[in-house]
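One letter stands for each residue in the lines below.
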Amino acid sequence: MEPIQLVDLRRQYERIREDVEPAIARVIATTAFIKGPDVESFERELAAYTGAPAVVGCANGTDALQICLMALGLEPGDEVITPDFTYFATAEVIALLRLTPVLVDVDPRTFTIDPREVERAISPKTRAILPVHLYGQCADMAPLLALAKRHGVAIVEDAAQAIGASYTFPDGTTKQAGTMGTLGATSFFPSKNLGCFGDGGAIFVNDDSLTHRVRMIANHGQSSKYVHDLVGINSRLDTLQAAVLRVKLRQLDAYATARNDLATAYDGAFSDLTDVLVPQRSATSSHVFHQYTLLCDAKRRDAIAAGLKARGVPTAVYYPAPIHAQKAFAQFGPGRDCPVSTELCTRALSLPMHTEMDAEQVEHITRSVREVAHATSL
Ligand SMILES: *Cc1c(COP(=O)(O)O)cnc(C)c1O
């Protein structure tokens with residue numbers, strides 16, 4: 001059996017090698033490394049795929065979030081509501097811009113921001129809500145959009161883990177992750193569902209009046225060459241990365257299917273276990289399974305992880321600490337209680353999840369989880 005990895009990028013590469021190598025060679029031959037034609041083509045193709053009115057490439061997902069918040073013209077001290085259970089970058093950019101992060105708890109079933117907690121946290125200083133489509137499912141956007149409208153605040157979606165996930169509104173219409181709020185951000189970090197060969201990111205601009213501003217901010221605030229209307233940043237998607245992403249975008253549906261097939265196999269193999277709970281599917285979102293995350297008894301999680309490691313099955317904890325407990329966030333004081341987020345950090349355990357798992361590996365992982373979960377309950 002091939003060794004099992006959390007994410008297998010090599011096998012994925014081998015399958016697209018024939019398309020991706022000529023695409024890379026073409027960029028090198030033209031030396032159009034910055035703002036080459038592949039960047040614009042990729043932006044157009046990703047907009048068509050997601051249904052976003054416009055897509056602007058940038059250097060990484062963290063910059064994408066930062067550019068979104070800069071584009072909203074927020075002032076230091078303005079409050080941005082975001083979940084306490086997420087990757088650090090989501091909350092980090094809020095603090096970096098001297099805005100005030102207001103961390104709220106998440107739904108215990110979907111692990112995404114709890115709209116009732118958001119409602120409770122809204123204050124006269126609230127200017128934006130920053131939901132995260134965690135692990136591959138959309139946050140519950142309908143109530144969040146209603147709240148945002150009622151209070152006149154913007155929504156910036158963190159879609160770094162959920163590109164291609166589809167949300168169903170109460171009237172039956174659907175929209176993709178990143179395309180529902182004022183602005184959306186995503187990441188092309190290699191292990192993301194649409195990963196490039198280095199760093200990359202993009203902004204979904206869902207409000208046409210902001211497209212020019214977003215482009216300017218990502219390019220030193222330039223309105224035309226050497227004319228700077230704003231103070232911006234230097235954040236571009238490299239042409240080489242755009243060329244890789246154009247090839248991989250054509251595979252994204254197949255990748256989502258492979259991830260869902262693996263998740264279904266895991267669900268079936270673990271449904272009768274009481275030591276580990278399988279992830280629940282949101283009633284309002286499709287799942288693109290960036291992560292397949294079990295919930296363990298907190299006291300047993302580390303033993304389960306160790307038992308799996310001994311059997312050649314790597315696992316990971318996303319995330320070991322809630323944002324409010326990070327040292328970097330001590331400056332914001334104790335804040336609100338987030339018991340769900342705090343508990344998830346002690347119970348979550350993610351299994352290997354990628355597009356290249358073979359039947360033998362699936363069999364080995366499921367058998368190992370069943371053995372270890374059983375053994376640790378004795
Ligand atoms: C990966 C990720 C980011 C940051 O993306 P980078 O490209 O690594 O900067 C932000 N938010 C979430 C939820 C992520 O998973």
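Residues numbered from 1 in each chain as written. Predicted model: local features only at pLDDT ≥ 70, side-chain atom pairs only at ≥ 80, totals over all residues. Heavy atoms only, no water.

## With respect to the site of the ligand
Near the ligand there are 13 residues, and of these G61, T62, D158, S187 and K192 occur at the shortest range. At a separation of 2.7 Å, a nitrogen atom of the ligand approaches a polar side-chain atom of D158. Within the side chain of K192, an N or O atom sits 3.1 Å from an oxygen atom of the ligand. Contact with the protein chains removes 91% of the 380 Å² of surface that the ligand exposes when unbound. According to the grid-proximity analysis, the pocket containing the ligand is the largest pocket. If you list the elements that add at least two residues to the shell around the ligand, you get α3 (61-71) and α4 (88-96). (Near = heavy atom within 4 Å. Polar contact = N/O pair within 3.5 Å; in protein donor to acceptor, adjacent residues only side chain to side chain. Areas by Shrake-Rupley, 256 points an atom, 1.4 Å probe, with all protein chains shown as cover. 1 Å grid on protein atoms, 1.4 Å probe; cavity = no way out; pocket = protein on both sides within 12 Å on 5 of 7 lines; lining within 4 Å. Sits in = over half its atoms within 2 Å of the grid points. Helix = DSSP H or I, 4+ residues; strand = E, 2+ residues; numbered from the N terminus.)

## Focus: the packing of α3 against α4
Helix packing geometry: the angle between the two helix axes and the distance between the axes. The contact between α3 and α4 brings their axes to 9 Å, and the two run at 45°. By the angle between their axes, α3 is oblique relative to α4. As α3 runs across α4, the sense of the crossing is right-handed. Here T62, L65, Q66 and L69 of α3 come into contact with α4, specifically with A89, T90, E92, V93, I94 and L96. Of the residues assigned to the contact of α3 with α4, the class counts are six nonpolar, three polar and one charged. (Axes fitted to C-alpha atoms, helices over the stretch in contact; angles between N-to-C directions. Parallel < 35°, antiparallel > 145°, perpendicular 65-115°, else oblique. Left-handed = near helix turned anticlockwise from the far one by under 90°. Contact = heavy atoms within 4.5 Å. Nonpolar A, V, L, I, M, F, W, Y, C, P; charged D, E, K, R; others polar.)

## Structural notes on α4
For α4, the complete set of buried residues consists of A89, T90, A91, V93, I94 and A95. Of the residues one or two after α4, R98 is the one with positive phi, at around 65°. (Buried < 20%, exposed > 50% of the residue type's maximum accessible area, 1.4 Å probe, protein only.)

## Regarding the pattern of salt bridges
Pairing of side chains with opposite charge becomes possible as their charged atoms draw close. All chains considered together, the criterion is met by 23 salt bridges. One salt bridge connects R11 with D8, and the closest N-O pair in it is separated by 3.6 Å. We note that R11, like D8, is buried. Between R367 and E363 there is a salt bridge, and its shortest N-O distance comes to 3.3 Å. (Salt bridge = Lys/Arg side-chain N within 4 Å of Asp/Glu carboxyl O.)

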